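Observations on the model geometry
Below, each chain spelled out in residue letters.
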Protein chains: 2
Amino acid sequence: MIEYKHVALLGLGLISSSIAHALRRAGFDGKIVGTARSAATRQQAAALGFCTRIAETNREAVTGADLVIICTPVGAMGGIAAEIAPALSPGATVTDVGSVKCRIIEAVSPHIPDGVDFIPGHPLAGTEHSGPASGFAELFDNRWCLLTPLEGTETAAIERLGTFWQALGSRVDTMDPSHHDLVLAVTSHVPHLIAYTMVGVADDLQRVTESEVVNYSAAGFRDFTRIAASDPTMWRDVFLNNKEATLEILGRFTEELFALQRAIRTGDGDHLHDYFTHTRAIRRGIIDAGQDTAAPDFGRFVAAKLPPKEPS
Amino acid sequence: MIEYKHVALLGLGLISSSIAHALRRAGFDGKIVGTARSAATRQQAAALGFCTRIAETNREAVTGADLVIICTPVGAMGGIAAEIAPALSPGATVTDVGSVKCRIIEAVSPHIPDGVDFIPGHPLAGTEHSGPASGFAELFDNRWCLLTPLEGTETAAIERLGTFWQALGSRVDTMDPSHHDLVLAVTSHVPHLIAYTMVGVADDLQRVTESEVVNYSAAGFRDFTRIAASDPTMWRDVFLNNKEATLEILGRFTEELFALQRAIRTGDGDHLHDYFTHTRAIRRGIIDAGQDTAAPDFGRFVAAKLPPKEPS
């Protein structure tokens, strides 16, 4: 059961609009007050109607709230914490949905007043779409939400926030913030950087036209383009704020890539075959853990509902 | 209209079983004779029933065929061409579905007798699944099939093969073999190598457990695991047989990756933001060209049909 009565959503993008939709699906009957820096986004969200009310400022949005969720790019969170601090209600919980945790804790926690709990969080959910119209109630279903509570935070407050995420469909776990940042460098940050790089390379190549890259993308490349279509501001902030772990995993990645490159150059087919066999098992684990569909090609054939072609 | 009366499928995996299913969907009423090296695969295909007949050997399968499609890993194709050469019918067309073209032409064409056309081909279609049970009739719908005909091949023979692929649902284009190999290095071979590498890194990391990698994969990594679950033998042969283009594109990739790595290290947010903005457009091009779905996350939410969780 959700114990909060007034949820403030700071930032009105994919994650916060999905939180609002999932709250309504869960039968939440409290207030959802949202705000965003840009007037256009606030107007769009107001028209979409997933909030009870749209506030003009962050400070107005958090006034009276017992749960404040910061849903902006990571780089903006410190400034927002400073701005809202005087308006936070005693006993309120402040959380966030940022993809890095150590730097957010450094930036946000100094501003949090006594009597307010700051419990950093990260729902591992998203799509390549962004903005207030991109949210949907199912986004968090069966996905993990990681909480990285600070030492000394009361268990009851952590449990209250965990129950909230469960009501939205998530599974919940807690983790040390720096371990979180390392794990996410592996499962998210470096994969995104690599995808951005590969798409950039394809787009730049003078000897391959853009229409060739586009038309022949189904051979693998199009999966990278989905990831590389993610929000640029969000991802800039992720890399600037998870520098150490990203660079560490990138180092491991290039080391392995060079070993495979060498195997190609020297014609070492056994090395390649062994490596490619090994990686197949992890896919099975992800499907067994309910984190992806076993349908071929992510079930695109279902999703796209391509009209069958007439035989010629 | 399909002009062939007897199609031989050498190799019985994802591509050849999909060809058979798509032929039947197109109303093809000729013979489909398939064979595979392994007796177990031949038995499985016989039980699945998508061929008119399963032959014991490649030579037996091509006897009387007017279209022979070599659907094995690239490395096996030269030996198969030598084996079938004496049994090929005058006027027959031999083609293949391999992901590289120059090396296949070198390996296969010396064996092709006078009066038989060898027209190399490559349907840009596949999934991460393999084997005779993984095929389905829709695999080629709206996907490109690239033909790389040799100089001197009669236009009528090329058109006959193009019409065949169109009847299976494909779009058809012709291309120079070495340009094909460069384009595919960009749109397929290097993306696969990178995905294999990233999954290998994740699997190897002592400081991140396998269950963490699996559970938290939805943040981006799971897209890589799908690609890295592709058939190891097929991909070993691709890299060994498209060495030059793969190494060239890999060189470009690491150059770009190092530039982004440097931007992260030096905190150059503008460089990152510009790069990430630029790559977003290409995704739109792919969707507009009908090569992917615009549904968020490839429409996984449709495909997986996750049961809605009860609110707690």
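Residues numbered from 1 in each chain as written. Chains lettered and ligands numbered in written order. Predicted model: local features only at pLDDT ≥ 70, side-chain atom pairs only at ≥ 80, totals over all residues. Heavy atoms only, no water.

According to UniProt, the "domain: Prephenate/arogenate dehydrogenase" (unreviewed entry) feature falls on residues 5-294 of chain A. Between the end C-alpha atoms of residues 5-294 of chain A the distance is 39 Å, and the span holds 51% helix and 11% strand. (UniProt positions renumbered as here; feature names shortened; annotations may be inferred. Helix = DSSP H or I, 4+ residues; strand = E, 2+ residues; numbered from the N terminus.)

Taken together, the contact pairs 124 residues of chain B with 124 residues of chain A. When chain B packs against chain A, close to 11,800 Å² is buried across both sides, 68% of that on carbon and sulfur atoms. Applying the counting rule to chain B against chain A returns eight salt bridges. Measuring nitrogen to oxygen at the nearest pair gives 3.0 Å for the salt bridge that ties Arg 226 of chain B to Asp 297 of chain A. Among the elements that take part in the side of chain B that touches chain A, helix α7 (residues 177-204) of chain B stands out by supplying 22 residues, more than any other. (Contact = heavy atoms within 4.5 Å. Buried area = accessible area lost by both parts, 1.4 Å probe. Salt bridge = Lys/Arg side-chain N within 4 Å of Asp/Glu carboxyl O.)

Quick look at the pattern of salt bridges now. Summed over the entire model, instances satisfying the criterion amount to 28 salt bridges over all chains. The residue Asp 237 of chain A makes a salt bridge to Arg 236 of chain A at a minimum N-O spacing of 3.0 Å. Asp 237 of chain A gets classed as buried once you look at its relative accessible area, which sits at 6%. With a relative accessible area of 22%, Arg 236 of chain A lands in the partly exposed category. Overlapping salt bridges, with partners in common, bring together Glu 128, Arg 226, Arg 283 and Asp 292 of chain A together with Arg 222, Asp 223 and Asp 297 of chain B in one network. (Buried < 20%, exposed > 50% of the residue type's maximum accessible area, 1.4 Å probe, protein only.)

On to the relation of the copies chain B and chain A. Taken as rigid bodies, chain B and chain A are interconverted by a rotation of 180° and an axial shift of 0.0 Å, the fit giving an RMSD of 0.0 Å. Put plainly, the chains are arranged around a two-fold axis. A shared binding surface is used by both copies, with 100% of the interface residues of chain B retained as interface residues in chain A. (Least-squares fit on C-alpha atoms with pLDDT ≥ 70 in both.)

The next point concerns the sheet that holds strand β7 (residues 121-123) of chain A. Residues and elements named next belong to chain A. Reading across from one edge, β7-β8-β9 is the order of the three strands in this open sheet, with mixed pairing throughout. Pairing within the sheet leaves two strands with one partner each, and these edge strands are β7 and β9 (171-174). Going across the sheet, the axis of each strand differs from the next one's by a mean of 20°, ignoring polarity. Alignment of β7 against strand β8 (residues 144-147), held across three bridges, turns out to be antiparallel. (Pairing = 2+ DSSP bridges. Axes fitted to C-alpha atoms, helices over the stretch in contact; angles between N-to-C directions.)

Residues and elements named next belong to chain A. Taken in spatial order, the six strands of this open sheet run β3-β2-β1-β4-β5-β6, and their pairing is parallel. Here the strands that pair on one side only, and so sit at the sheet edges, are β3 (53-54) and β6 (117-118). Summarising the sheet, strand β5 (residues 93-96) and β6 pair through two bridges and their orientation is parallel. Bridge pairing in β6 places Val 94 opposite Phe 118. Helix α1 (residues 14-25) rests against β1 (6-10), β2 (31-35) and β4 (67-70) of the sheet, and its axis sits at about 160° to β1.

Let us look at the packing of helix α11 (residues 243-266) of chain B against helix α12 (residues 269-278) of chain B. Angle between the axes and distance between the axes: these two values describe a pair of packed helices. All names here are of chain B. The geometry of α11 relative to α12 is characterised by a closest axis approach of 8 Å and an angle of 135° between their N-to-C directions. Here α11 is positioned oblique relative to α12, judged by the angle of their axes. In this structure, the crossing between α11 and α12 has a hand that is left-handed. Across the interface between the two elements, Glu 256, Ala 259, Leu 260, Ala 263 and Ile 264 from α11 touch His 271, Leu 272 and Tyr 275 from α12. Partitioning the contact of α11 with α12 into residue classes produces six nonpolar, one polar and one charged. (Parallel < 35°, antiparallel > 145°, perpendicular 65-115°, else oblique. Left-handed = near helix turned anticlockwise from the far one by under 90°. Nonpolar A, V, L, I, M, F, W, Y, C, P; charged D, E, K, R; others polar.)

Okay, the pairing of β1 of chain A next. Residues and elements named next belong to chain A. With five of its five residues buried, β1 lies for the most part within the structure. The pairing of β1 with β2 spans five bridges and is classified as parallel. Each residue of the ladder has a partner; that of Leu 9, found in β2, is Gly 34. Two elements, β1 and β4, share four bridges in a ladder whose sense is parallel. Each residue of the ladder has a partner; that of Leu 9, found in β4, is Ile 69.

A few words on helix α7 (residues 177-204) of chain A. Look at α7 of chain A: 37 Å from first C-alpha to last across 28 residues, which is about the 40 Å you get at 1.5 Å a residue. Of all the bends in α7 of chain A, the largest measures some 55° and sits at Ala 185 of chain A. (Expected span 1.5 Å × (residues − 1). Bend = angle between axes of the 7 residues up to and from the residue.)

Counted under the stated rule, the structure contains 18 aromatic pairs over all chains. An aromatic cluster is defined as three or more aromatic residues linked by ring pairs; in this entry it consists of Tyr 4, Phe 140, Phe 164 and Trp 165 of chain A. The ring centre of Phe 298 of chain B lies 4.9 Å from the NZ or CZ of Arg 226 of chain A, which sits over that ring. (Phe/Tyr/Trp six-rings, centres within 6.5 Å; stacked < 30°, edge-to-face > 60°. Lys NZ or Arg CZ within 6 Å of the ring centre and 35° of its normal.)

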